[in-house]
Structures are given as structure tokens and as C-alpha cells.
Amino acid sequence: MLSLTQLIVALSCTLGYAVAFNGDITYYEPGLGSCGETNSDSERVVALSPAQFAADPAACGKTIQISLDGHTTTAKVVDKCPSCSAESIDVSSTVFQDLAPLTVGRTQIEWDYAS
């Protein structure tokens, strides 16, 4: 049985609608990701939750747009964040710093798949 999040993501990917997600953003040190690429902290990359990967198995390589308090940035999906809740993301520090200082550590953001 699909969760509501999985259903919304599946429909948005199938129909091409932009669906905004709300969750936490944290940062991590990228390396060899679950999409099979090795990335560095200087790259604009993101890890999605297991729920997002379950809803969109083809998420690898897609670009997402992330917004916080009038600031917007983008990142490429390259990894899975096992500890992230359904709509939360983990990004490289390069991406995080586009939105907030690293000292913030964790904050609420809105994101969606870029068109």
C-alpha cells in the first residue's frame, strides 16, 4: 500500500506537476552515493529520503529546487539519506550555505523537482 507521500510523488512524476515538499535540511560529506557516483562537498548534490526513492525509483540524476526565506538553490540527486524523514533532505555544505550558515545545522525548507 502506498503512503500519501509516495502517491503524490508518483503522480507528480507521471503527470509532470510540480509538487512542493516541506521538511528539514541538513548537510553531509558526500562520497560514493547510492546512485553510483562519487561526489565531493564542493558539488551541488542532495540525498533524498528512502520514502522519496520508494515513490520515485528514477530519482537519481534529477535536479531539485530548494527554497528558504527567499533564497533558492538547486542540487542533483545522487544519494539516499537513510535517517531522513519522508520530505527531508541532506545536502552538501556548498548547497546548504546557499540557504543558511552551516552553524544553523538543521532548518525547515521547501523543495520540489525542478522542471
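Bear in mind that the values here come from a model prediction, so they are computed numbers and not experimental data.

## A look at the pairing of strand 3 (residues 63-68)
Move 1: Only one face of strand 3 is covered, namely the one carrying Ile64, Ile66 and Leu68; the face carrying Thr63, Gln65 and Ser67 has none of its residues buried.
Move 2: Taken together, the 6 bridges between strand 3 and strand 4 (residues 71-80) define a ladder with antiparallel strand orientation. Note that in strand 4 the partner of Ile64 across the bridge is Ala75.
Move 3: Linkage of strand 3 to strand 4, two consecutive antiparallel strands, is achieved through a turn of 2 residues, within which Asp69 is found at a positive phi near 50°.
Move 4: Examined bridge by bridge, strand 3 and strand 6 (residues 107-113) share 4 bridges and lie antiparallel to one another.

## Brief notes about the confidence of the model for the protein
Move 1: Of the residues in the protein, 83% reach a pLDDT of 70 or more, and the chain-wide mean stands at 89.
Move 2: Below a pLDDT of 50 lies the segment residues 12-17, which in the model reaches 5 contacts outside its immediate sequence neighbourhood of four places, other chains included.

## Concerning the sheet that holds strand 6
The strands making up a sheet are joined through hydrogen bonds of the backbone, oriented either antiparallel or parallel.
Move 1: Spatially, the 6 strands close up into a barrel ordered 1-5-2-4-3-6, and their pairing is mixed. Averaged over all pairs of adjacent strands, the angle between strand axes in this sheet comes to 45°, irrespective of strand direction.

## Focus on the packing of aromatic side chains
Move 1: The tally for this structure, following the rule as stated, stands at 4 aromatic pairs.
Move 2: Arranged with centres 5.5 Å apart and planes meeting at 70°, the rings of Trp111 and Tyr113 form a pair that is edge-to-face.
Move 3: Residue classification places Trp111 among the buried positions, given a relative accessible area of 1%.
Move 4: One aromatic cluster is present, formed by Phe21, Trp111 and Tyr113 through successive ring pairs.
Move 5: Taking the ring centre of Tyr113 as reference, the NZ or CZ of Lys62 above it sits at 5.4 Å.
Move 6: Taking NZ or CZ as reference, Lys80 lies 5.5 Å from the ring centre of Phe53, over its face.

Criteria and cut-off values
- Residues numbered from 1 in each chain as written.
- Predicted model: local features only at pLDDT ≥ 70, side-chain atom pairs only at ≥ 80, totals over all residues.
- Heavy atoms only, no water.
- Buried < 20%, exposed > 50% of the residue type's maximum accessible area, 1.4 Å probe, protein only.
- Helix = DSSP H or I, 4+ residues; strand = E, 2+ residues; numbered from the N terminus.
- Pairing = 2+ DSSP bridges.
- pLDDT = per-residue confidence, 0-100.
- Contact = heavy atoms within 4.5 Å.
- Axes fitted to C-alpha atoms, helices over the stretch in contact; angles between N-to-C directions.
- Phe/Tyr/Trp six-rings, centres within 6.5 Å; stacked < 30°, edge-to-face > 60°.
- Lys NZ or Arg CZ within 6 Å of the ring centre and 35° of its normal.

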